[in-house]
Amino acid sequence: MLIEKLPRNTQGRDWAVGDVHGCFAQLSRLLKIVAFDPARDRLLSVGDLVDRGPDSPMVTEWLAQPWFHAVRGNHEQMALDAVRNPLEDQERHLRNGGRWLAELSPAELDACAAALSRLPLALEVEVEGGKIGVLHADCPGNDWTALAARLEAGNPDEQDRDTLLWSRERARNDGAGTVADIDLVLAGHTPQPDAVLYDNVMHLDTGAVYGGKLTLFCLQDFVEVSLPSGFDHLARFELHELDASLARR
C-alpha cells in the first residue's frame, strides 16, 4: 500500500509531527504537553523518523502503535536500501546517521525493516470540509488526484519517488505552485526555523535533531506547538491540582 487514506477523526484530534530523526523522548514530552490521548487522538508523521538522533532504535515500537500513521521519508528509504543491498548502500546510510541500524540484533533488524517497508509514500486524511495530504518532501506535478491514482495502482515512476522523498525545490524557492485537488499538504525534509506555508504546503521540519525544535500541527484547528531542543530540563514539568487551602485564599 503506497497511499493510506484515513477517515475523519470524529472522536479526537489529529496531530502531525515534523521530522523526528530519532528524537522520540522529545516527541513524548511534546505529546504530554498537548495532552495527547491515544484512545481518541491520532499522530501523523511526515517521515524521517530515524537517523542522527539518539532514540532511532525505538522506531519499531512507535510504528506498532495503532494511533500512529507515518509516511516514508528519504531516511527510511536509505535504511531499507542498506538492509536490502548493504554492499552498495550501507555506507551512504552510515554517513547519514544510520549507525544505529547496523548495531541492531538480527531479530531487531528484521522487525525494523518489516515496519519501515510497510510505510506508505503518502497519507490522505479526511477532515471537516475537505482533505489534507501528508508526504515527506513534495507532490509530483502539483496534482494530488493524479499522484493518489498512481500510488493506489502501485505504479509510481522514479520521478514520483524522487520528488516525494528528496525534493527541496519548493522550500528553497519559497514556493512552487499550488497543489491541486487537496486543501493542504503537510511535508518535512527541509529544515526551517519555524513551520512555514509555501503555497498550500505546510513544512513542519523545524530541525529538532540539529538543535532547533520539534513541531506538532493540529489538523482540526491548525494550532502549532513546538518544543525547543536542548532545553530538556525546562520540559521536565508536571501539572498539579491547585491545593485546596490555596484555592480558598
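Enquirer: So what's going on with the nonpolar core? Residues and values would help.
Expert: Generally speaking, a soluble globular protein has its nonpolar side chains buried in company with each other. Within the largest apolar cluster, 35 residues are counted, with the highest numbers of intra-cluster contacts made by Leu27, Leu43, Leu49, Val59, Leu63 and Leu216. If you tally residues by element for this core, the top one is helix H1 (residues 24-33), at 4 residues. In this structure Leu43 touches Trp15, Val17, Leu27, Leu31, Phe36, Trp62, Trp67, Phe68, His69 and Leu216, once residues within four positions along its chain are discounted.

Enquirer: Outline the sheet that holds strand E9 (residues 201-203), listing residues and values.
Expert: One open sheet holds the 6 strands; their spatial order is E1-E5-E6-E7-E9-E8, and the pairing between them is mixed. If you trace the sheet from one side to the other, it starts and ends with strand E1 (3-6) and strand E8 (196-198), each paired once. Between one strand axis and the next, the sheet turns by 25° as a mean value, whatever way the strands run. Where strand E5 (residues 122-127) and strand E6 (residues 130-134) come together, 5 bridges link them in antiparallel fashion. Residue pairing in the sheet places Val127 in a bridge with Gly130 of E6.

Cut-offs applied
- Residues numbered from 1 in each chain as written.
- Predicted model: local features only at pLDDT ≥ 70, side-chain atom pairs only at ≥ 80, totals over all residues.
- Heavy atoms only, no water.
- Core = buried A, V, L, I, M, F, W, Y, C linked by side-chain atoms within 4.5 Å.
- Buried < 20%, exposed > 50% of the residue type's maximum accessible area, 1.4 Å probe, protein only.
- Helix = DSSP H or I, 4+ residues; strand = E, 2+ residues; numbered from the N terminus.
- Contact = heavy atoms within 4.5 Å.
- Pairing = 2+ DSSP bridges.
- Axes fitted to C-alpha atoms, helices over the stretch in contact; angles between N-to-C directions.

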